[in-house]
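Fold and geometry: a report
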There are 2 protein chains.
Amino acid sequence: MAMIRQPENFPETVKAVRRQLALSQEELAHALGVSFATVNRWENGKTVPSKLAQRQFWQFCAQMKEQGKLI
Amino acid sequence: MAMIRQPENFPETVKAVRRQLALSQEELAHALGVSFATVNRWENGKTVPSKLAQRQFWQFCAQMKEQGKLI
DNA sequence: CACACCGCATAGCAGATGCTATATTGTCGG
DNA sequence: CCGACAATATAGCATCTGCTATGCGGTGTG
C-alpha cells in the first residue's frame, strides 16, 4: 500500500491554500516552481500532480504554516 | 533572458553527484522524489529534467554541500 | 556450473507538464 | 454602457514522467 498522502479533494485544497495566501494561480505556480497551466489544471481537476509536484506542494504548505501564513 | 542554470553536460553532472554520494540510481531517485526511470533517462541523455525537477536537483545538491557530503 | 541477486540500460504506454494561444469572466474608471 | 485590464478557463502539441517489463553484465553462493 503505502500511498502518497492525497486529500479526497485535491482541487479544492489547492484553491483554499492559494486563497488563504492571497495568491493568483500565476503566483502560486511560481512559488512552487511549476507553470501557471499546471496549477490551473490541478484546480480544475484536469490532472493530478506528479510525485515530485505533490511533495513540493505539501512542503510548501508546511513552510507557510510554520510562518503562520496558513492554518 | 533569465535562463535556468543548466550545465553544459547535465547527464555527467548527475552521474558525478550520484557517485560522490555513493548512491544507486534507485536511491538518488528516491532522495529526489522521482522514479528510477527518470534518473536513468537523465544520466543517459534521453530526457532533460522538468522545471520542478531541476529546482529539486540543485536544491538537493546545495543541501548535500552544506552537509559536506558533496564538493 | 547453475542460480539468485543487484545495478544499470532500454522500451512502451498512459498520464502530467510547459508553452502558447485563445476565450471568458469579473472589475474597474471613464 | 464601454473599453481596458487582470485573473481564470481551455485547448493543442511536444516533451517529460511513472510504471512495468525485459535484457544484460557482474557478484556471490550453493
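Cut-off values and rules
Residues numbered from 1 in each chain as written. Chains lettered and ligands numbered in written order. Predicted model: local features only at pLDDT ≥ 70, side-chain atom pairs only at ≥ 80, totals over all residues. Heavy atoms only, no water. Contact = heavy atoms within 4.5 Å. Buried area = accessible area lost by both parts, 1.4 Å probe. Salt bridge = Lys/Arg side-chain N within 4 Å of Asp/Glu carboxyl O. Polar contact = N/O pair within 3.5 Å; in protein donor to acceptor, adjacent residues only side chain to side chain. Helix = DSSP H or I, 4+ residues; strand = E, 2+ residues; numbered from the N terminus. Nonpolar A, V, L, I, M, F, W, Y, C, P; charged D, E, K, R; others polar. Near = heavy atom within 4 Å.

Going by an unreviewed UniProt entry, chain A carries the name Helix-turn-helix and comes from Nitrosomonas halophila.

The interface is formed by 12 residues belonging to chain B together with 12 residues belonging to chain A. Interface of chain B and chain A: buried area, both sides summed, is about 910 Å²; carbon and sulfur atoms make up 48% of it. On the chain B side of the interface with chain A, the three residues burying the most area are B:Gly33, B:Leu52 and B:Arg55, jointly 55% of the side's total. Inspection of the region where chain B meets chain A yields 0 salt bridges. On inspection of chain B and its partner chain A, the count reaches 6 residue pairs in polar contact (both at pLDDT 80 or more). Where the side of chain B that touches chain A is concerned, the elements lending two or more residues are helix 2 (25-32) and helix 4 (51-66) of chain B. Residue composition of the side of chain B that touches chain A, by class: 5 nonpolar, 5 polar and 2 charged.

We now examine the protein's contact with DNA strand C. In the neighbourhood of DNA strand C, 20 residues make up the surrounding shell, with A:Thr38, A:Arg41, B:Arg18, B:Gln25 and B:Asn40 lying closest. Expressed as a percentage, the sugar and phosphate content of the atoms of DNA strand C within 4 Å of the protein is 70%. One of the side-chain N or O atoms of A:Trp42 is found 2.9 Å from a phosphate oxygen in DNA strand C. One of the side-chain N or O atoms of B:Asn44 is found 3.3 Å from a phosphate oxygen in DNA strand C. Mapped onto the surface near DNA strand C, the elements with two or more residues apiece are helix 3 (36-43) of chain A together with helix 3 (36-43) of chain B. Among the elements that line the surface near DNA strand C, the one with the most residues is helix 3 of chain A, at 4 residues. Taken together, the residues of the surface near DNA strand C break down into 7 nonpolar, 8 polar and 5 charged.

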